[in-house]
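Next come the chains, spelled out residue by residue.
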Amino acid sequence: MASGFVKQSCQSGYKFDQLKGVCVPGSCIDQPNCIRFGTTDDPLYKCSDVPNSNPCKYDTVSNGVVVRDRPCPHGTAFNATLCQCSIFASYCPNGVNYLDNKTPDVSCRASVTLDFNTYPIVASSEKLGLAKLDYYFQTVGVSVLGGRGIFSTDPVTQNPSYLYNYFLNANQLRSPFALSVVFRWTKPLNGQTITLLTNDFFPRVCVPTFEVTVSYNNGVYTVNLYTVAVDELTKNRLAGSTQASIALAVDNFLETLVLFDGALSGQLIDRGPSGLSTAVTNKVLIPATQRLGDFVATNKCGLMLGKGLNGAIEKFQIREGCLDFSKVRA
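The following paragraphs examine the structure supplied in this document.

Thresholds, definitions, all that
Residues numbered from 1 in each chain as written. Predicted model: local features only at pLDDT ≥ 70, side-chain atom pairs only at ≥ 80, totals over all residues. Heavy atoms only, no water. Helix = DSSP H or I, 4+ residues; strand = E, 2+ residues; numbered from the N terminus. Buried < 20%, exposed > 50% of the residue type's maximum accessible area, 1.4 Å probe, protein only. Areas by Shrake-Rupley, 256 points an atom, 1.4 Å probe, with all protein chains shown as cover. Pairing = 2+ DSSP bridges. Axes fitted to C-alpha atoms, helices over the stretch in contact; angles between N-to-C directions. Salt bridge = Lys/Arg side-chain N within 4 Å of Asp/Glu carboxyl O. Core = buried A, V, L, I, M, F, W, Y, C linked by side-chain atoms within 4.5 Å. Contact = heavy atoms within 4.5 Å. Disulfide = S-S within 2.5 Å. Phe/Tyr/Trp six-rings, centres within 6.5 Å; stacked < 30°, edge-to-face > 60°. Patch = residues over 30% accessible without salt bridge, like charges linked within 9 Å, V, L, I, M, F, W, Y side chains within 5 Å.

## Thoughts on the overall build of the protein chain
No. 1: Per the secondary structure count, the protein chain includes 0 helices and 25 strands.
No. 2: Out of the 330 residues in the protein chain, the part that is buried amounts to 51%.
No. 3: Approximately 15,300 Å² of the protein chain is accessible, and the part contributed by carbon and sulfur atoms is 52%.

## Considerations on the sheet that holds strand β3 (residues 49-51)
No. 1: What the 3 strands build is an open sheet, ordered β3-β4-β5; its pairing is antiparallel. The sheet is open, and its two edges are formed by β3 and β5 (65-71), each paired on a single side. Neighbouring strand axes in the sheet, compared pairwise and without regard to direction, differ in orientation by 30° on average.
No. 2: Where strand β4 (residues 57-62) and β5 come together, 5 bridges link them in antiparallel fashion. Across the sheet, residue Thr60 finds its bridge partner in β5, namely Val67.

## A few points about the pattern of salt bridges
No. 1: Tallied over the full model, the rule gives 9 salt bridges.
No. 2: Lys102 is the salt-bridge partner of Glu320, the closest N and O atoms lying 2.7 Å from each other. Of this pair, Glu320 sits in the segment after β25 (311-319) while Lys102 sits in the loop between β7 (84-88) and β8 (112-115); the two residues are 218 residues apart in sequence, bridging distant segments of the chain.
No. 3: Judged by its relative accessible area of 4%, Glu320 falls in the buried class.
No. 4: Taking relative accessible area as the criterion, Lys102 reaches 1% and is therefore assigned buried.
No. 5: Glu255 is the partner of Lys315 in a salt bridge, and the nearest nitrogen-oxygen pair spans 3.7 Å.

## Things to note about the nonpolar core
No. 1: Membership of the largest hydrophobic core comes to 48 residues, with the highest contact counts inside it found for Leu114, Leu179, Val181, Phe183, Leu197, Phe210 and Phe316.
No. 2: Counting residues per element, this core draws most heavily on strand β15 (residues 177-185), at 5 residues.
No. 3: Not counting the four nearest positions on each side in its chain, Leu197 is found in contact with Leu179, Val181, Phe210, Glu211, Val212, Leu303, Met304, Leu305 and Phe316.
No. 4: Residues Val140, Val205, Cys206 and Cys301 belong to the second largest nonpolar core, which totals 9 residues.

## Quick notes on the state of the cysteines
Put plainly, two cysteines are in a disulfide when a covalent bond ties their sulfur atoms together.
No. 1: Summed over the entire model, instances satisfying the criterion amount to 4 disulfides.
No. 2: Between the sulfur atoms of Cys108 and its disulfide mate Cys322 the distance is 2.0 Å. One disulfide, between Cys108 and Cys322, carries an S-S torsion of 85° and so falls in the right-handed class. You can see Cys108 sitting in the loop between β7 and β8 and its partner Cys322 sitting in the segment after β25, a full 214 residues away along the chain. The exposure classification of Cys108 matches that of Cys322, with both residues buried.

## Description of the packing of aromatic side chains
No. 1: Scanning the entire structure with this criterion turns up 8 aromatic pairs.
No. 2: Three or more aromatic residues joined by ring pairs make a cluster, and in this case those are Tyr162, Tyr164 and Phe201.

## A closer look at a nonpolar patch on the surface
No. 1: Taken together, Val50, Val61 and Val66 make up a surface patch of nonpolar side chains, about 190 Å² in accessible area.
No. 2: Among the structural elements, Val50 can be located in strand β3.
No. 3: Taking the relative accessible area as the measure of exposure, Val50 reaches 32% and is therefore partly exposed.

## Describing unusual backbone geometry
No. 1: With an omega of 5°, the peptide bond running from Tyr119 to Pro120 counts as cis.
No. 2: Following Phe202, the chain continues into Pro203 via a peptide bond in cis, with omega recorded as -5°.
No. 3: Of note in the backbone geometry, Asn218 takes a positive phi value of approximately 55° without being a glycine.
No. 4: Mapped onto the fold, Asn218 is located in the loop between β17 (210-217) and β18 (220-230).
No. 5: Among the residues examined, Asn218 registers a relative accessible area of 58% and is labelled exposed.

## Some remarks on the side chain of Lys315
No. 1: Within the secondary structure layout, Lys315 lies in strand β25.
No. 2: Contacts of Lys315, omitting those with residues within four sequence positions, involve Phe116, Ser180, Val181, Val182, Glu255 and Leu276.

Keep in mind these numbers describe shape, not what the thing actually does.
The following block contains the structure:
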């Protein structure tokens, strides 16, 4: 089943306000790197992406619309066979060696860290020593305050807040990897569930192959990790999930650490009311699944963070090629 988007335009002299979801007075600036087309995981789906003359980029052709020069993530080149940026390439982008962002690393330095001190939000790389990666984001109901991203569901429409990272579209993360989110959920309701991370969009476009959901019930947070992994040799896919629960004061921050090394596991860490500055006193391991595959399967969606969250995110970080998980566990 294919799905897609309805294209609408603002009237002359107006631009679309992503935070409010309406057209407001102003000049419209197109951002071709952020155009998103409907996708499907149906095996009969025809890839809309085609090679560019620059191997570090690709073009998208869909319904007569052509978007050229869409950049692959740092350290990757476009793979036309798989319709994704999954060739680890030292020459991308622009002939500069950015492969280090995906190179295995015993120190587990961060490949991507979001900076919530500025708006628009930017991403940096500890591995590359770059304070700003040319990553593109869509933010809905998100602002920044005191080094934290503030997420707020629209009180009128009840449309969820989220931060959407375009550069994780079809981006094969280098295994083993560690992913960390430190967040605070403001006044959760009993039985309520949010999607903390997913490679999908709102409304739904892709079949997720990676997802983290958080449920709340009477002071207990239950975190469920889910992924679909691929065997590099056979290309067979295997899905797996695991979960754990932690009791947490309602004003405390929770760090969710996701680990993948062929199996999926993680850790829940109570970061207290002050976030990362708080000493760790409460932590719970998320048990490992069986071995699922060599890498997490990609789809044609980027990574959505904080879907439906009312609260704050203090940290989001991905450490690709992390060879020593003890460096990131609390």
